[in-house]
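Descriptive analysis of the structure
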Amino acid sequence: MLPFSSILWSSVGKKILTGITGILLTLFVIGHMAGNISLFIGSVAFNSYTKKLESLGLLLYVIEIGLVSVFVIHAIIGISIYLKKREARPEPYMKSGDATGNSQKTVSSETMIWTGLIMLVFTVLHLITFKYGPHYTTFIDGEEMRDLHRLVIEVFQRPSYTFGYVIVMILLGFHLRHGFWSAFQSLGLTNPRMKTIVYGLGIFLSFLLAIGFLSMPLCIYFGLIK
Amino acid sequence: MDTNSKLTLNLKVWRQKNGSAKGKLADYKLTDVSTHMSFLEMLDVLNEQLIKQGEDPVEFDNDCREGICGMCSLVINGVAHGQESSTATCQLHMRKFNDGDTITIEPWRSKAFPVIKDLVVDRTAFDQIISAGGYTSCRVGSAADANSLLIPKDMAEKAMDAAACIGCGACVAACPNGSASLFVAAKIAQFSYLPQGKAERKKRVLNMVGKMDDLGFGDCSNHGECEAACPKEISITHIAIMRKEYVKAAFS
Ligand code: SF4
Ligand code: FES
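Just so it is clear, the model here is predicted, and its values are computed rather than measured.

Our focus in this paragraph is the overall build of chain B. Scanning chain B from terminus to terminus reveals eight helices and seven strands. Referenced to the eigenvectors of the C-alpha coordinate spread, the extents of chain B come out at roughly 60 × 40 × 40 Å. Partitioning the intrachain contacts of chain B with sequence separation of at least 6 by distance along the chain shows that 70% fall at a separation of at least 24. Accessible surface for chain B amounts to roughly 10900 Å². Of this, 50% is attributable to carbon and sulfur atoms. Each charge class in chain B can be summarised by its mean position, and for the 29 positive and 31 negative side chains these summaries are 6 Å apart.

If you want it as structure tokens, here you go:
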């Protein structure tokens, strides 16, 4: 029997962990986007939604700690795969090319480390701006609660933040385009027919999520949401 | 293209005296290359020319020259075994090139495949992976009766698809990460379909993956470039099978 740690840190173990954490993060991103939709409905809907999340209390903390761990594991393994890749080919090719045949090597797959690192930095900034940003309050039905809606509207008046955000969301789309199908392959769940379906689904989903996320700040910036 | 035409080629060939020397690309001009030649025959012509000039011929690996032994290698214009899909370098023909082409020829590049000389790399790392588990225990001695072990046709076909791997190492050379996953997976998947070797099933996947990791191959990122470069079209579905086998072995 191999020790558990060496199973997890083997080349296959790392893929399995990346796949599982990747799928969890994708589910989170889908949930996050569903939450964003309430912003389109209006300030009351959005603020009530954030209030509901906050009222989860202890459970929210548990979920948050879980999410942070999943994120950190995903990032650490991703970085380690990148470092090992550089070690595995100390002398680069003088001329590079792409093989003619069935390959999933794309701009997406080759930039996973960079899109991933940008998202890591972005997530930290995003939390500082919103979660730990100015605490405005408002009254809804006589109840005092945080006015996150006001903060969001304020932040997306700034062109730098708005367009920075839009670019990061496009990069998220690129990351998911390779990441989604890759997770299934990493978990050993693909066969030739499945692969085509999952690959297509990944492209569709990443497109949908990127558009979904970037439409919100753009709508605010151009005054469609007030 | 006129199939009888002669080509003039500008070759950029990786020359390296030995494993510890620093190598570089050397330029050679080759004229009158028949389009009927194979890529290796073209190199033979180059070598004759070099020998006549009193220079060291270019070392490259080859053996069967019919696409079945896995000895030939070469990264041609950045692509392992060249642009022609599902073709080993020895089966690649000069009619696939154009007059006046510049062709860059490099060895497999991987820490686990150190250069011995010029275009020849040491692929014993693959042998070590096979020794770690790519075998079955069976009674040797007198030959067993051919049909004493029955294998359903579809299983035999699947095992045969995986067994088509010739162990050339193009998957490693083509992989942006320098991973050997396709080669290792082909062997593991092959045995996973067969009754032979069931006894070593768990040990096989754990040991072969462990050996691959120890030898300094990179991690897989599911680029799938290996499958595109593989002369035998080994599918990355086998890598998915290897992972399933690994989980089964590790948690039971
Ligand atoms: S999987 Fe394909 S590319 Fe890799 S060693 Fe086998 S035949 Fe060569
Ligand atoms: S020389 Fe045998 S496969 Fe090319």
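The next point concerns the domain arrangement of chain B. Residues and elements named next belong to chain B. Its domain assignment divides chain B into domain 1 (6-106) and domain 2 (123-138 + 150-250). Computed over C-alpha atoms, the centres of domain 1 and domain 2 are 29 Å apart. Taken together, the contacts link 14 residues of domain 1 with 12 residues of domain 2. When the two sides are added together, the surface that domain 1 and domain 2 hide from each other amounts to roughly 860 Å², 53% of it contributed by carbon and sulfur. Put simply, Asp-61 and Arg-123 hold a salt bridge, and the shortest N to O gap is 3.2 Å. Taken together, the residues of the side of domain 1 that touches domain 2 break down into seven nonpolar, six polar and one charged.

Before going further, it helps to examine the packing of helix 2 (residues 11-41) of chain A against helix 3 (residues 43-54) of chain A. At a minimum axis distance of 5 Å, the contact between helix 2 of chain A and helix 3 of chain A shows a crossing angle of 145°. Contacts between helix 2 of chain A and helix 3 of chain A involve Gly-31, Gly-35, Ser-38, Leu-39 and Ile-41 of chain A from the former and Ala-45, Phe-46 and Tyr-49 of chain A from the latter.

On to the pattern of salt bridges, then. Inspection of every chain in the model, using the stated rule, returns 19 salt bridges over all chains. Measuring nitrogen to oxygen at the nearest pair gives 3.8 Å for the salt bridge that ties Glu-225 of chain B to Lys-105 of chain A. With Glu-225 of chain B in helix 7 (residues 225-229) and Lys-105 of chain A in the loop between helix 4 (58-88) and helix 5 (107-110), the pair connects residues from two separate chains. Judged on exposure class, the residue Glu-225 of chain B and its partner Lys-105 of chain A are both buried. Measuring nitrogen to oxygen at the nearest pair gives 3.1 Å for the salt bridge that ties Asp-118 of chain B to Arg-15 of chain B. Of this pair, Asp-118 of chain B sits in the loop between strand 6 (115-117) and strand 7 (120-121) while Arg-15 of chain B sits in strand 1 (residues 6-15), and the two are 103 residues apart along the sequence. Asp-118 of chain B gets classed as buried once you look at its relative accessible area, which sits at 2%. Since its relative accessible area comes to 15%, Arg-15 of chain B is described here as buried. Taken together, the salt bridges that share partners define one network made up of Lys-14 and Lys-84 of chain A together with Asp-219 of chain B.

Below, the discussion takes up the site of ligand 1. Residues in contact with ligand 1 amount to 13 residues; listed here are only the nearest, Cys-165, Cys-168, Gly-169, Cys-171 and Cys-230 of chain B. Counting residues per element, the ones that place at least two in the shell around ligand 1 are helix 4 (170-174) and helix 5 (181-192) of chain B.

Attention now goes to the state of the cysteines. Evaluated as defined, the whole model comprises zero disulfides over all chains. Cys-226 of chain B carries a free sulfur, and the closest cysteine sulfur to it, the one in Cys-171 of chain B, is 6.5 Å from it.

This part covers the interface of chain B and chain A. At the interface, 51 residues of chain B touch 46 residues of chain A. Here chain B packs against chain A, burying approximately 4100 Å² in sum over the two surfaces, 54% of which is carbon and sulfur. Viewed at the interface, chain A and chain B are joined by four salt bridges. Among the salt bridges present, the one from Lys-14 of chain A reaches Asp-219 of chain B, with a minimum N-O distance of 2.8 Å. Linking chain B with chain A are 29 residue pairs in polar contact (both at pLDDT 80 or more). Mapped onto the side of chain B that touches chain A, the elements with two or more residues apiece are strand 5 (102-106), helix 4, helix 6 (201-214), helix 7 and helix 8 (237-250) of chain B. In terms of residue count, helix 8 of chain B provides more of the side of chain B that touches chain A than any other element does, nine residues in total. Of the residues assigned to the side of chain B that touches chain A, the class counts are 25 nonpolar, 16 polar and 10 charged.

What follows deals with the nonpolar core. Here is a general trend for soluble globular proteins: nonpolar side chains tend to be buried in one another's company. Membership of the largest hydrophobic core comes to 82 residues, with the highest contact counts inside it found for Val-152 of chain A together with Ile-129, Val-184, Phe-217 and Met-242 of chain B. When residues of this core are sorted by domain, at least three fall in each of domain 1 (6-106) and domain 2 (123-138 + 150-250) of chain B. Apart from residues no more than four positions distant in its own chain, Val-152 of chain A is found in contact with Leu-39, Phe-46, Phe-130, Met-216 and Ile-220 of chain A. Of all hydrophobic cores here, the second largest spans 29 residues; its members include Trp-14, Ala-26, Met-42 and Met-94 of chain B.

Another point: the sheet that holds strand 2 (residues 24-34) of chain B. Residue and element names in this part refer to chain B. Overall, mixed pairing links the five strands, which are arranged 2-1-5-3-4 in an open sheet. A single partner strand is all that each edge strand has here, and the edge strands are strand 2 and strand 4 (79-80). Of the strand pairs in this sheet, strand 3 (residues 75-76) and strand 5 are connected by two bridges, and their pairing is antiparallel. Bridged to Val-75 within strand 5 is Glu-106. Its contacts with the sheet put helix 1 (residues 39-52) on strand 1, strand 2, strand 3 and strand 5, and the angle it makes with strand 2 is roughly 105°.

Residue and element names in this part refer to chain A. Taking 1.5 Å as the rise per residue, helix 8 (residues 159-186) with 28 residues should run 40 Å; its terminal C-alpha atoms sit 39 Å apart, in good agreement. Maximum bend of helix 8: about 30°, positioned at Leu-176. Once helix 8 finishes, Gly-188 follows within two positions and takes phi at roughly 70°, a positive value.

Bringing the packing of helix 3 of chain A against helix 7 (residues 148-155) of chain A into the picture now. Axis separation between helix 3 of chain A and helix 7 of chain A bottoms out at 8 Å; the angle between their running directions is 115°. Taking contact as the criterion, the partners of Ser-43, Phe-46, Asn-47 and Thr-50 of chain A in helix 3 of chain A are, on helix 7 of chain A, Leu-148, His-149 and Val-152 of chain A.

Turning to a nonpolar patch on the surface, a few remarks are in order. Residues and elements named next belong to chain A. Residues Tyr-49, Leu-53, Leu-56, Leu-58, Leu-59, Tyr-61, Val-62 and Ile-63 make up a contiguous nonpolar surface patch of about 780 Å² in total accessible area. When residues of the nonpolar patch are traced back to their parent elements, those giving at least two are helix 3 and helix 4. A total of five residues in the nonpolar patch trace back to one element, the largest contributor, which is helix 4. For Tyr-61, the location among the structural elements is in helix 4. Relative accessible area serves as the criterion here: at 56%, Tyr-61 is assigned to the exposed category.

Rules and cut-offs
Residues numbered from 1 in each chain as written. Chains lettered and ligands numbered in written order. Predicted model: local features only at pLDDT ≥ 70, side-chain atom pairs only at ≥ 80, totals over all residues. Heavy atoms only, no water. Helix = DSSP H or I, 4+ residues; strand = E, 2+ residues; numbered from the N terminus. Contact = heavy atoms within 4.5 Å. Areas by Shrake-Rupley, 256 points an atom, 1.4 Å probe, with all protein chains shown as cover. Lys, Arg positive; Asp, Glu negative; His and termini not counted. Charge placed at Lys NZ, Arg CZ, Asp CG, Glu CD. Domains from an automatic or database assignment. Buried area = accessible area lost by both parts, 1.4 Å probe. Salt bridge = Lys/Arg side-chain N within 4 Å of Asp/Glu carboxyl O. Nonpolar A, V, L, I, M, F, W, Y, C, P; charged D, E, K, R; others polar. Axes fitted to C-alpha atoms, helices over the stretch in contact; angles between N-to-C directions. Buried < 20%, exposed > 50% of the residue type's maximum accessible area, 1.4 Å probe, protein only. Near = heavy atom within 4 Å. Disulfide = S-S within 2.5 Å. Polar contact = N/O pair within 3.5 Å; in protein donor to acceptor, adjacent residues only side chain to side chain. Core = buried A, V, L, I, M, F, W, Y, C linked by side-chain atoms within 4.5 Å. Pairing = 2+ DSSP bridges. Expected span 1.5 Å × (residues − 1). Bend = angle between axes of the 7 residues up to and from the residue. Patch = residues over 30% accessible without salt bridge, like charges linked within 9 Å, V, L, I, M, F, W, Y side chains within 5 Å.

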